[in-house]
Amino acid sequence: MNIIWHKKSRQYHLYNDKISYIMGVTPVGELGGIYFGKKVHDKEDFSYVEYRGGLPNIVVDPDTESYSRELNRQEYPSFGTTDFGASAYEMEQSNGSCVSSFTYKSHSIFKGKTPLKGLPATYAEENEAMTLEVTLEDDVARMSLILSYTIFDKYPVVVRHAVFRNDGAETVKLTKVMSTCLDLPDQNYRWMQFSGAWARERIPQEKDLSSGSVMIESKRGISSANQNPFIIIKRPNTDEFTGEAFGFSLVYSGNFIAQAECDTYRRTRILMGINPERFAWPLDKGEEFETPEVVMAVTDSGLNDLSQTYHSLFNNHLVRGKWKNKPRPILINNWEATFMDFTEERILHIAEKAKEAGIELFVLDDGWFGERNDDYAGLGDWVENPDKLPQGIRGLARKMNAMGLKFGFWIEPEMVNPDSNLFRRHPDWALQTPGRKASLGRHQLVLDYSREEVVDYIYSMLKKVLTDAPISYIKWDMNRSLTEVYSAELPPEKQGMVYHKYIMGVYSLYERLRTEFPEILFESCSSGGNRFDAGMLYYAPQAWCSDNTDAIDRIRIQYGTSYGYPISSIGAHVSACPNQQTGRDVSISTRANVAFFGAFGYELDLNHITDEEFEEVKRQIEFMKENRELLQFGKFYRLRSPFEADQAAWIVVSEDGKKAVFGLYCMRSNVNMLPGFLRLAGLKEDAVYMLKGEEYYGDELMNLGVPVGKLSSDGLAVGRDFVSYVEVLEAK
Ligand code: DGJ
């Protein structure tokens, strides 16, 4: 890994064993893009990439008389001069102008990576990454722009973000600040996004790029289930195992956009960052604004390789603390078993049976506090309800511990019900616009986390519940989008700051809690997977993936989620049947076979299943304990897509390729059809593996494939709806 500055050509080459990122100072003094992809030899000068020929109807720079930004790749293009593409930023100056030009002044190159201020970010030791910070200045606006690039030694990844600083006396208003802009040299790409809604999150969707823009966004104040802040740009022939692809993951949990724009002259521009809609950030003298960062990855070996890069990078350089790379406890959550209708006795009854099955952690969900007996009241009042918990959270946690279970509980700290003591005392603490109706979502309002005093207050309430109680886990929920966003505390000219300040407030509470209680495992949640993003993983190493616990739907949801996020982060539970959301009946074995590939748990009352099912649950837990390290942190490959076929399959392989677990699922049976073969991946070609009492070479299993008919005793294998197989392979 190295970062080279070629003084004569004024170009930078960031590279490691896998990739190169090349860019440099353009003839007009700004930064221009040259290349991002597979590693190439270093050279003093790559400026042949530049186009100076001129084309009809082109506007050029007056000094060079030949250089047009529009015909060349830009690193961080401005609005209003000779680049007519989507801009990376916009800033309104005191004279009303938005035209600007940031030109090269200096740079620094250093080992490692510095943290962002108050924002989640990837991190690295000095020997693991190198960082380049290029300082550019706009002398007219008296503004500095620092573009930051980190290359990781072992990953085909460059991480970018930008910082604006006001060096002048006049206030400058930032109205658009992207985290990255990457100009690609042609337009032969397909765009892949991960979209959905509640209970059908992160479903992959693809389209060809062509002239014009493709954009996804969130304006909900959360990253959202509707659009995920992760996209892939790939060649049309790229599949799971071959071909070129780029990934862009925004380490941020609020409003965002991701955009690809194909212009008139063969350039494809990728932009990603905070959504400029309703973003306006005034910068006074000496003040700075730092954007979130984007993790840009590249592969020439297909989408599995791209995903594995994100899985490993996030596990090793984003997730922090005690739970980094640590197998996750097997939990039971009472939500689908009791909803809010429980007593301590009922909870302990569920816990006893869970303990008998081998479960390690009990999670008490919504309903333990204030007047919270339904979803009309109580949010904001983080004090135990003595009718339900006579000795409080502390008392219950101790009883759980005495039983041999760890204990954790649910919170939704960003919310308030109008029917709550908190709202009656502080109605102005909710986000609402003066003179307008405040829309309700699940009968609740959103607290104004742009205000420090609100965050402080919630922190002190939660701290009281947590102090001296043996709490091992917190599920942090967030159940509605932000609307009528306006802060009672800020003056009119600062209202455009509220969305971003809100999420910064959320991050600050997370940071305070995890610093004060470092033992706690946080699981983020937002009506299931409404805020499943890289930003959250910095604070909460796992996320409840979806409220849809139907195993068949979950195959799709977990499969889609795996493109951008590690298996260890995907909260996955076995719940009761018929399923609450779909009414579907699926065997307890298939329910677990899907949930094994995630942060595994149960969400039902085990007292209510048959004895045979209970025996099976015990075996499942034993299996998970034996294999969870591999399942959650091994190399994950998607093998058969549930979006393309009636079957789905995936495999997780150990680093050395000697041990693997694969899952094959029949989502819909096919009558009168041969069972076929499932080609595996990631195994050692020469190693011999045992499967169903027979020996196979790794190369056989990867090329001829597993004879699917041999997986079941009746030879039918995938010949029945919802049957599934999970098999462990171990090299002899
Ligand atoms: C939504 C979550 O996704 C559920 O798992 C559950 O915690 C409920 N909220 C509780 O209100």
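Anyway, here's the lowdown on the structure attached to this text. Numbering of residues starts from 1 in every chain and runs along the sequence as written. It should be noted that, the model being predicted, local features are given only for residues of pLDDT at least 70 and side-chain atom pairs only at 80 or more, the latter also being counted only at that level, while totals for whole chains, interfaces and linings use all residues. Side-chain numbers come from the whole structure's heavy atoms, not from hydrogens or water.

Things to note about the site of the ligand
Our working rule: In this text, near means that some heavy atom of the residue lies within 4 Å of the molecule or strand in question. In protein, a polar contact means a hydrogen-donor-capable atom and an acceptor-capable atom, both N or O and within 3.5 Å, with residues adjacent in sequence counting only if both atoms are side-chain atoms; elsewhere, any N or O pair within 3.5 Å suffices. Throughout, the Shrake-Rupley method with a 1.4 Å probe supplies accessible areas, and for residues the shown protein chains are the sole cover considered.
As a matter of local geometry, the ligand sits amid 13 residues, with Asp365, Asp366, Lys475, Asp477 and Asp547 nearest to it. Trp410 places a side-chain nitrogen or oxygen 3.1 Å from an oxygen atom of the ligand. Within the side chain of Lys475, one N or O atom sits 2.7 Å away from an oxygen atom of the ligand. Isolated, the ligand exposes 290 Å² of accessible area, and the fraction of that covered by the protein chains is 97%.

Let's talk about the packing of helix α3 (residues 344-357) against helix α11 (residues 611-633)
To characterise two packed helices, one gives the angle between the axes of the helices and the distance between these axes. Applicable threshold: With axes taken as lines fitted to C-alpha atoms, and helix axes fitted only over the stretch in contact, angles between N-to-C directions fall between 0 and 180 degrees. For the purposes of this entry, the term helix denotes a DSSP run of H or I that reaches at least four residues, the term strand denotes a run of E that reaches at least two, and both are numbered from the N terminus. Should an angle fall under 35 degrees it is called roughly parallel, over 145 degrees roughly antiparallel, and 65 to 115 degrees roughly perpendicular, with every other angle called oblique. In this analysis, two residues are considered to be in contact whenever any of their non-hydrogen atoms come within 4.5 Å of each other. Lys, Arg, Asp and Glu make up the charged group, whereas Ala, Val, Leu, Ile, Met, Phe, Trp, Tyr, Cys and Pro make up the nonpolar group; the residues left over, Gly among them, are polar.
Running from amino to carboxyl end, α3 crosses α11 at an angle of 60°, the nearest separation of the two axes being 9 Å. Taken together, α3 and α11 sit at an angle that is classed as oblique. Taken together, the residues of α11 that come into contact with α3 (itself represented by Lys353, Glu356 and Ala357) are Phe614, Val617, Lys618 and Ile621. Partitioned by chemical class, the residues of the contact of α3 with α11 number four nonpolar, no polar and three charged.

Topic: the layout of surface pockets
Rolled over the atoms, a probe with the dimensions of a water molecule shows which regions are left empty. Test applied: Cavity: a set of points on a 1 Å grid over the protein atoms alone where a 1.4 Å probe fits but cannot get out. Pocket: an open set with protein on both sides within 12 Å along at least five of seven lines, its lining residues, like those of a cavity, having an atom within 4 Å of a point. Grid points are joined across faces, edges and corners, and a volume is the space filled by probe spheres set on the points.
Put simply, the largest pocket is a space of about 910 Å³. Lining the largest pocket are 41 residues, and of these Tyr155, Gln308, Thr309, Ser312 and Lys635 lie nearest its centre. Elements with a minimum of two residues in the lining of the largest pocket: β4 (31-38), β20 (294-299), α1 (303-317), α11 and β31 (635-640). Of all the elements, α1 adds the most residues to the lining of the largest pocket, at nine residues. For the lining of the largest pocket, the per-class residue count stands at 13 nonpolar, 16 polar and twelve charged.

Things to note about the packing of aromatic side chains
So the rule is basically this: Within 6.5 Å between ring centres, the rings of Phe, Tyr and Trp (the latter by its six-membered ring) count as paired, and their orientation is classed by plane angle as stacked under 30 degrees, edge-to-face over 60, tilted in between. The cut-offs for exposure are 20% and 50% of the maximum accessible area for each residue type, with area from a 1.4 Å probe on protein chains only; residues under the lower value are buried, those over the upper are exposed, and the others partly exposed. We count a charge as sitting over a ring when the NZ of a lysine or the CZ of an arginine lies within 6 Å of the ring centre and within 35 degrees of the ring normal.
Counting across every chain of the model gives 47 aromatic pairs. Judged by centre distance (6.2 Å) and plane angle (90°), the rings of Phe152 and Tyr155 are edge-to-face. In this structure Phe152 comes out as buried when scored by relative accessible area, which is 0%. On the accessibility criterion, Tyr155 (11% relative accessible area) is buried. Above the face of the Tyr538 ring, Arg320 is positioned so that its terminal group lies 3.5 Å from the ring centre.

Some points on the environment of Glu384
If you trace the backbone, Glu384 turns up in the loop between β22 (361-364) and α4 (392-403). Taking relative accessible area as the criterion, Glu384 reaches 23% and is therefore assigned partly exposed. In sequence terms Glu384 and Gly370 are 14 residues apart; their C-alpha atoms lie 6.1 Å from each other. A distance of 2.9 Å separates a polar side-chain atom of Glu384 from the backbone nitrogen of Ile393.

What about the environment of Phe532?
With respect to the helices and strands, Phe532 occurs in the loop between β27 (521-524) and α8 (534-537). Of the residues examined, Phe532 reaches a relative accessible area of 1% and is grouped as buried. Here the alpha-carbon distance between Phe532 and Ser546, two residues 14 residues apart in the chain, equals 9.5 Å. Ignoring any residue separated from it by four or fewer positions in sequence, one finds Phe532 in contact with Arg202, Ser223, Asn228, Ala543, Trp544, Cys545, Thr561, Tyr565, Ser569 and Ile570.

Some details on the nonpolar core
What counts, and what does not: The term nonpolar core refers to a set of buried residues drawn from Ala, Val, Leu, Ile, Met, Phe, Trp, Tyr and Cys, joined through side-chain atoms within 4.5 Å.
Within the largest apolar cluster, 201 residues are counted, with the highest numbers of intra-cluster contacts made by Ile233, Leu364, Trp368, Phe409 and Tyr602. Element by element, the count of residues in this core is highest for helix α7 (residues 498-516), at nine residues. The contact partners of Ile233, leaving out residues within four places of it in the chain, are Leu184, Tyr189, Arg190, Trp191, Leu209, Ala245, Phe246, Phe248, Ala260 and Ile270. Counting residues in hydrophobic clusters, the runner-up holds 23 residues, among them Leu664, Leu680, Leu691 and Leu729.

Keep in mind that these numbers describe shape and distance, not what the molecule does.
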